Amino acid sequence: EKGNYRHFMQKEIFEQPTVVAQTLSSYLRRSDNSVALPQFDFDIGSVDRVTIVACGTSFYAGMVAKYWLEQFARVPVDIDVASEFRYRDPVLKPGGLALFISQSGETADTLAALRHCKENGQIIGAVVNVPTSSMAREADLLLPTHAGPEIGVASTKAFTCQLAVLAALAAHMAVRKGLMSREEEHDVVEHLLEAPACMNAALDHDDDIAAMAHLIAPARDVLYLGRGPDYPLALEGALKLKEISYIHAEGYASGEMKHGPIALIDDLVPVIVLAPSGPLFEKTVSNMEEVRARGGKIVLISDAEGLALAGEGCIATIEMPRVHPLIAPLVYAIPVQLLAYHTACVKGTDVDQPRNLAKSVTVE
Ligand code: F6R
């Protein structure tokens, strides 16, 4: 089943361009370059508040979606991990859209949060990968990801497929609210359709990343930095590294470094910086310079232009294709997944079955 791959996780990382394309094809209509959602009997344009609930990697997909929903659809978004959401007595106004993101569709806390929102008059949207799951059955608006079965315990392809669906949802909501012109919608469709090829270009750096893993494997702690929609990617990179290589890692919003974590910096802590060219590049790079000035060892992940501007003096760089900011999270997911994967391989840990973890967390 693994074909030519050593691990399911590796196979699933490499499947991403295909499954993201598959997922996008059911949300983007090529005939008129529009974004389409499954039919459902509610006007999504009238939603004036979104609550996102998920766990782990799916939660990070939700964090990215918050940026998109606010930017495109101008709708306020509240987001929380399911285990906190359930117990904090959230304010749920009738008619709000509650969105649950889950690969398995069975995560106990997320499912309980879904039922709580249903009882409290929310419209239930679910982005799930298992179409027969409880969450899929109980949703009013089912937004499936078409990642296919995900076997590796560490989520990879489900995450990028969730991002694809969530980007389409944000754009569609913006169109229905009259906030996105046909032309802008075309642009979004074009950019999303570029994602699979850009993800392939990212996968081409597999060998470089495998070599780089030897720099990361001896570390005890690793930091990941990102800004805007790439901040959740920093969190996701840190989670992937922790769970499969057992190296302690933290993701931070780059601007938060000076509020504490910069005290950790010395030449034993590699700092992975996610900084695609774009409106946030300069700010992120200036945070990176602060780290470098304190002896930090930096791995910069950016495109050719970004690396030319800021790559000097890094212990390593990973070159990504130049991408539109909308699809950067889908593309930059690949190097963080590969870095965790290869680091775990160098350490000889059980990549597909990390200790203490289960694929589907059905206990609260
Ligand atoms: C991380 C990982 C977990 C899951 C989390 C939610 O690699 O796999 O953090 O993302 O347990 O699972 P689902 O998406 O099935 O609700």
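Every chain begins its residue count from 1, and numbering advances along the sequence as written. Note on the predicted model: pLDDT of at least 70 is required for a residue's local features to be given, and 80 or more for side-chain atom pairs to be given and counted; whole-chain, interface and lining totals, by contrast, use all residues. Hydrogens and water molecules were not included; the side-chain quantities draw on all heavy atoms of the structure.

Caption draft 1: Representation of the packing of helix α2 (residues 16-25) against helix α7 (residues 157-176) in the model. Here an angle of 0 to 180 degrees is reported between the N-to-C directions of two axes, which are lines fitted to C-alpha atoms, with helices fitted over the stretch in contact. What counts as a helix is a DSSP run of H or I of at least four residues, what counts as a strand is a run of E of at least two, and both are numbered from the N terminus. Axis separation between α2 and α7 bottoms out at 9 Å; the angle between their running directions is 30°. As far as their axial angle goes, α7 and α2 are roughly parallel. Crossing of α2 against α7: the hand is right-handed. Between α2, through Q16, V19, V20, T23 and L24, and α7, the contact on the second element is made entirely by K157, T160, C161, A164 and V165. Each angle gets one of four labels, with under 35 degrees taken as roughly parallel, over 145 as roughly antiparallel, 65 to 115 as roughly perpendicular, and the rest as oblique. Two helices that cross are described as forming a left-handed crossing if the nearer one is turned anticlockwise from the farther one by less than a right angle, and a right-handed crossing if clockwise. Throughout, a contact is declared for two residues whenever any of their heavy atoms are within 4.5 Å.

Caption draft 2: Structural detail: the side chain of T57. With respect to the secondary-structure elements, T57 resides in helix α3 (residues 56-73). Given a relative accessible area of 8%, T57 falls into the buried group. Each polar contact in these results corresponds to two N or O atoms within 3.5 Å; when the atoms are within protein, one needs to be able to donate a hydrogen and the other to accept it, and residues that are neighboring in sequence are counted only if both atoms are side-chain atoms. Among the polar contacts listed, one links the side chain of T57 to the side chain of K240, at a separation of 3.0 Å. When neighbours within four sequence positions are excluded, T57 is seen to be in contact with S155, F159, Q162, E236, L239 and K240. Accessible area is worked out with a 1.4 Å probe on protein chains only. A residue is then buried under 20% of its type maximum, exposed over 50%, and partly exposed in between.

Caption draft 3: A look at the packing of aromatic side chains. Aromatic rings from Phe, Tyr and Trp, taking only the six-membered ring of Trp, are treated as a pair when their centres fall within 6.5 Å; an angle between ring planes under 30 degrees marks them as stacked, one over 60 as edge-to-face, and anything in between as tilted. Summed over the entire model, instances satisfying the criterion amount to 3 aromatic pairs. Centroid distance F59 to Y60: 5.8 Å. Interplanar angle 55°. Geometry classified as tilted. Judged on exposure class, the residue F59 and its partner Y60 are both buried.

Caption draft 4: Here's a closer look at the site of the ligand. Not every one of the 14 residues close to the ligand is listed here, only the nearest: S58, S102, Q103, T107 and E243. A distance of 2.6 Å separates an oxygen atom of the ligand from a polar side-chain atom of S58. In this structure, S102 approaches the ligand through a side-chain N or O atom, which is 2.6 Å from an oxygen atom. Listed by contribution, the elements that provide at least two residues to the shell around the ligand are α3 and α10 (231-245). The residue inventory of the shell around the ligand, partitioned by class, reads 4 nonpolar, 8 polar and 2 charged. Proximity is defined per residue: any heavy atom of the residue falling within 4 Å of a molecule or strand makes that residue near it. Charged residues are taken to be Asp, Glu, Lys and Arg, nonpolar residues to be Ala, Val, Leu, Ile, Met, Phe, Trp, Tyr, Cys and Pro, and polar residues to be all remaining types, Gly included.

Caption draft 5: View of helix α9 (residues 206-216). Where α9 is concerned, the buried positions are D206, I209, M212, A213 and I216. Burial along α9 is one-sided: seen end-on, the buried residues are contained in an arc of 125°. Those residues of α9 that are exposed and angled more than 90 degrees off the buried face are D207, A211 and H214. An arc is given here, and it is the one of the directions from the helix axis to the C-beta atoms.

Caption draft 6: The arrangement of the packing of α3 against α10 in detail. The interhelical angle for the contact between α3 and α10, taken along N-to-C directions, is 170°, at an axis separation of 9 Å. Considering their axes alone, α3 and α10 lie roughly antiparallel with respect to each other. Residue-level contacts link G56, T57, Y60, M63, V64 and Y67 of α3 to Y231, P232, L233, L235, E236, L239 and K240 of α10. Among the residues making up the contact of α3 with α10, the classes are represented as 9 nonpolar, 2 polar and 2 charged.

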